[in-house]
Amino acid sequence: MNPSSENPLNLAGPGAAPATDSVPEPDSGVARIRFVLIETSLSGNIGAVARAMKNMGLSRMDLVRPRRFPDADALARASGADDLLSNAGVHDDLAAALAGCRLVVGTSARLRSVQWPQLDPHQCAGLLLDEARGGDVALVLGRESSGLTNDELGACHYLAHIPSVAAFSSLNIAAAAQVFAYEIRRTALERGGSSTPSASAPARDDLAGADEMEGFYAHLTSTLTAIGFADPAQSSKLGRRLRRLFNRARPDRTELNILRGMLSAAQGRKHPDRFRR
């Protein structure tokens, strides 16, 4: 499978409308929201998510290592959202699926012991729309059976949780997608398709994308190991905490370049003599 590849099969039927035709609020940021599905085991669920998205005016789907896709089950469950399936990106890893995203929100059926900033679906929708004014954003849905791993959660700025009953909290992935898609559309309609952010929206441009942050985290890990600060065999918890720290800070590209320059200096790639006049 080729990272960031387009879907190899064109499943759209004759006369199917392009995905962008399903977005009724062109100025609201909806077109820059992507739903990312990780290792979906049942292709029918992919089709059902596509249907839920198109019902609510969303058009961008990305898939990470789907077990089977595309196939007839996905097409049947899509029930007319064939264009979303044919335009879906298929990726080998989450980093590729999130390339260029300035904000990433993960989803979970349970509240995690790891203290990640958490949102309900309505808060999630408002934040995604606010941030989509400045570029692409993503909502990540995990595996049907086990959700997101801690490493995948580490790629997210926030965790969104649907407050279902504790005794039976797990939703089908398409049902969860429908809840989030509905909240996004409802919030966009309440705003009237306006590009004006909410009062709490941060006005920050040129934020580092998810792929750039992954490059930084790899550089950070290698540097901490090289200088003897971190034991690579026992540093997973440290890595998650550092990700939380920098995900809260959300550096822009210039700030990220400064940080990486510092790491390079710590590794001995830069020499103080270069400042002598």
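Residues numbered from 1 in each chain as written. Predicted model: local features only at pLDDT ≥ 70, side-chain atom pairs only at ≥ 80, totals over all residues. Heavy atoms only, no water.

Visitor: Any details on the pattern of salt bridges? Residues and values, ideally.
Guide: All told, the structure shown has 16 salt bridges when counted by the stated rule. A salt bridge links R68 to D71; the shortest N-O distance between them is 3.9 Å. When its relative accessible area of 21% is taken as the criterion, D71 is described as partly exposed. Taking the shortest distance from any N to any O, the salt bridge between R243 and E214 comes out at 2.8 Å. You can see R243 sitting in helix α9 (residues 236-249) and its partner E214 sitting in helix α8 (residues 210-226), a full 29 residues away along the chain. With relative accessibility at 16%, the residue R243 sits in the buried group. One network of salt bridges, with partners in common, ties together E39, R65, R143 and E152. (Salt bridge = Lys/Arg side-chain N within 4 Å of Asp/Glu carboxyl O. Buried < 20%, exposed > 50% of the residue type's maximum accessible area, 1.4 Å probe, protein only. Helix = DSSP H or I, 4+ residues; strand = E, 2+ residues; numbered from the N terminus.)

Visitor: I'd like to hear about the pairing of strand β2 (residues 33-38), residue by residue, with values.
Guide: Successive side chains on a regular strand alternate, one facing one side of the sheet and the next facing the other. Buried residues dominate β2, accounting for six of its six residues. Two strands pair when backbone bridges link them, and β2 and strand β7 (residues 137-141) are joined in this way by five bridges, in the parallel orientation. Paired with L37 across the strands is L141, a residue of β7. Across five bridges, β2 lies against strand β3 (residues 60-64) in parallel orientation. Bridge pairing in β3 places V36 opposite D62. A crossover links β2 with its parallel partner β3, the connecting element being helix α1 (residues 43-55), and its sense is right-handed. (Pairing = 2+ DSSP bridges. Right-handed = clockwise from strand over helix to strand, strands pointing away.)

Visitor: Give me the nonpolar core: which residues, what numbers.
Guide: Side chains that are nonpolar tend, in soluble globular proteins, to be buried together. The biggest cluster of nonpolar side chains holds 43 residues, and the ones touching the most others in it are I33, F35, M61, L128 and I184. The element contributing the most residues to this core is helix α7 (residues 173-190), with eight residues. Once you skip the residues sitting within four places of it in the chain, I184 turns out to touch V30, I33, F35, L58, A125, L128 and L129. Counting residues in hydrophobic clusters, the runner-up holds 17 residues, among them V64, L98, A155 and L159. (Core = buried A, V, L, I, M, F, W, Y, C linked by side-chain atoms within 4.5 Å. Contact = heavy atoms within 4.5 Å.)

Visitor: Report on the packing of aromatic side chains, specifying residues and quantitative values.
Guide: Tallied over the entire structure, the rule returns two aromatic pairs. Each ring, one from F216 and one from F246, has its centre 4.9 Å from the other, and the planes form 80°; the classification is edge-to-face. Highlighted residues: F216 in helix α8 and F246 in helix α9, separated in sequence by 30 residues. Comparing F216 with F246, the two get one shared label, buried. The structure contains a cluster of three or more aromatic residues connected by ring pairs, namely F216, Y217 and F246. (Phe/Tyr/Trp six-rings, centres within 6.5 Å; stacked < 30°, edge-to-face > 60°.)

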